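Structural description and commentary
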Amino acid sequence: MALVQPFRAYRYNPAVAPFQKVLTQPYDKISPAQQEKYYAADPHNLIAVEKGRTLKDDSPDNNVYTRAAASLSSWIGEHVVQQDHAPAFYAYTQEYEVPGTSLRRTRRGFIGLGKLEEYSANVIFRHEHTLSGPKADRLELLRHTRTHTGQLFLLYSDAQRQVDAILEEVQFAQPSVTEMTDEYGVIHRLWQITDPGKIAEIQKAMADQKLVIADGHHRYETSLNFRNESRSRASKLDPSAPYEFSMMTFINTRSEGLTILPTHRVVSHLRDFSWSSVRRYLEPWFTTEVFSFEGAAAGNPVATKFLQQLSTSAPKRSIGVYPAAEGNSHAFYLLTLRPEADLAQILPGLSPLQRELDVVLLHQGILEPALGITPHAVATESNLTYEREASAALDAVDRGSAQLAFLLNPVDVELVVRVATAGEVMPQKSTDFYPKLLSGITMYRIPE
């Protein structure tokens, strides 16, 4: 069963540190330029903890991790960061515009502590593999700061929307304790839920849920590693010890406002590449609709029509392609899986669930057999890079820095849940949950 608990979060004191100037995007989404912008925004900006600067004269006694711990301890001592007086769940909303559209949505969830579980316990599930480098970095930071500053993003599925009803009631009944707009125009709001009755209702509603990690796989496994280290130093196993829990944001897949963006593939550095040869190879399995045009792709009215058709034909398993022009011939191509196509033949050795994924169809049904892009080449990004915005992928081809771009539809969240709870994982860069959860909006500090 999923065990969730309220906690006394540490939060920035807005009288000293305005939220707008101190909260950050997740550490793995912070570019070098953003890092410098955060440093310039405020001396108490979370960047000093979340992703501090590495210096030339760093030593075992003075480095990015020791400085992070010192900064956080100093801020707590100076009441820049304060601990809430009562244990609470925290209702968290994000009001945003879906990128590339004028559609506005509000995503609603709550922040609490979740009991850490091994994947084998079938309570918390992953949908992607992790890499050793990020986990080593996050573990060293957690060892020094003993504080979770970033959010783990967990999905659950409740068609009755029991928790959502409680969150909505709280949000309309009391003022938020945090409100800010981030650099992407996302409005973040936070409310405290301290009423024992509502806390108990949330815990009861969550008890039978299976939880799927949407974002934060590396940080989740870092939390497990830190828990295991802490257990090894303890005199006896204590299931209620603070290190047995991690800070998590829980969001219902059945609520409104959940958005997954596609991650498009950009291909370059292929030898002897011929789009016409690739088309001939794919002809037995895909129909092709051609959208010819003149001029650059990005902003072209034909591009708008093509992308709309790509989205509309998603249930038919469609993939968009934009190859570099051959002579003066510019065109988009919409590849749609033929109804009679045998996926067992196209994608041998894979489970039925894996065959439902467009990204798997692209990688193993097109990139590897038709273009020779091996899994190793994908892992090393020697032929493949990624773009969130379709316009950026198309522009890479127009600039001549790419030979072709593959455009994907976003994966359905219920398919993500089905894959994860079946014990399977998806390829890297399969999901892009938008927007990201702010780091520092709440913090969970583990006592010595």
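Structure shown above.
Just so we're clear, the structure is a prediction, and the values are computed from it rather than from any experiment.

1. As for unusual backbone geometry
Here Y434 and P435 are connected by a cis peptide whose omega angle stands at -5 degrees. Relative to the assigned elements, P435 resides in the loop between β20 (432–434) and β21 (444–445). One non-glycine residue with positive phi stands out, namely R161, at about 55 degrees. Tracing the backbone through its elements, the reader meets R161 in the loop between β8 (152–156) and α6 (162–173). The exposure class assigned to R161 is partly exposed, which follows from its relative accessible area of 27%. Non-glycine residue E381 carries a positive phi angle of around 55 degrees. You can see E381 is positioned in the loop between α14 (375–380) and β18 (384–387). Assessed through its relative accessible area of 41%, E381 is described here as partly exposed.

2. Comments concerning the pairing of β8
The buried count for β8 comes to five of five residues, which makes it a mostly enclosed element. Burial along β8 is two-sided: the face carrying L152, L154 and Y156 and the face carrying F153 and L155 are both buried. Across five bridges, β8 lies against strand β12 (residues 245–252) in parallel orientation. The partner of L155 across the bridge, within β12, is I251.

3. Details of helix α7 (residues 196–206)
Of all the positions in α7, only K198, I199, I202, A205 and M206 are classed as buried. Angular distribution of buried residues about the axis of α7 spans 130 degrees; they occupy a single face of the element. Turned more than 90 degrees away from the buried face of α7 sit P196 and K204, all of them exposed. Near the N-terminus of α7, the side chain that reaches the backbone nitrogen of G197, with its oxygen 3.1 Å away, is that of D195.

4. Notes on the packing of aromatic side chains
A complete count under the given rule lists 15 aromatic pairs for this structure. Their ring planes at 85 degrees and their centres at 5.8 Å tell us that F7 and Y444 sit as a pair that is edge-to-face. One end of the pair, F7, is in the loop between β1 (4–5) and β2 (10–12); the other, Y444, is in strand β21, and 437 residues separate them in sequence. Centroid distance F306 to F332: 4.6 Å. Interplanar angle 5 degrees. Geometry classified as stacked. Residue F306 is located in helix α10 (residues 301–312), and its partner F332 is located in strand β17 (residues 330–337); the two are separated by 26 residues in the primary sequence. F332 carries the same exposure label as F306, and that label is buried. Three or more aromatic residues joined by ring pairs form one cluster here, namely F291, F293, F306, Y322 and F332. The lysine or arginine in question, R53, covers the ring of Y39, its NZ or CZ lying 3.7 Å from the ring centre. Here the basic side chain of R138 rests over the ring of Y27, its NZ or CZ set 3.8 Å away from the ring centre.

About the cut-offs
- Residues numbered from 1 in each chain as written.
- Predicted model: local features only at pLDDT ≥ 70, side-chain atom pairs only at ≥ 80, totals over all residues.
- Heavy atoms only, no water.
- Helix = DSSP H or I, 4+ residues; strand = E, 2+ residues; numbered from the N terminus.
- Buried < 20%, exposed > 50% of the residue type's maximum accessible area, 1.4 Å probe, protein only.
- Pairing = 2+ DSSP bridges.
- Arc of directions from axis to C-beta.
- Polar contact = N/O pair within 3.5 Å; in protein donor to acceptor, adjacent residues only side chain to side chain.
- Phe/Tyr/Trp six-rings, centres within 6.5 Å; stacked < 30°, edge-to-face > 60°.
- Lys NZ or Arg CZ within 6 Å of the ring centre and 35° of its normal.

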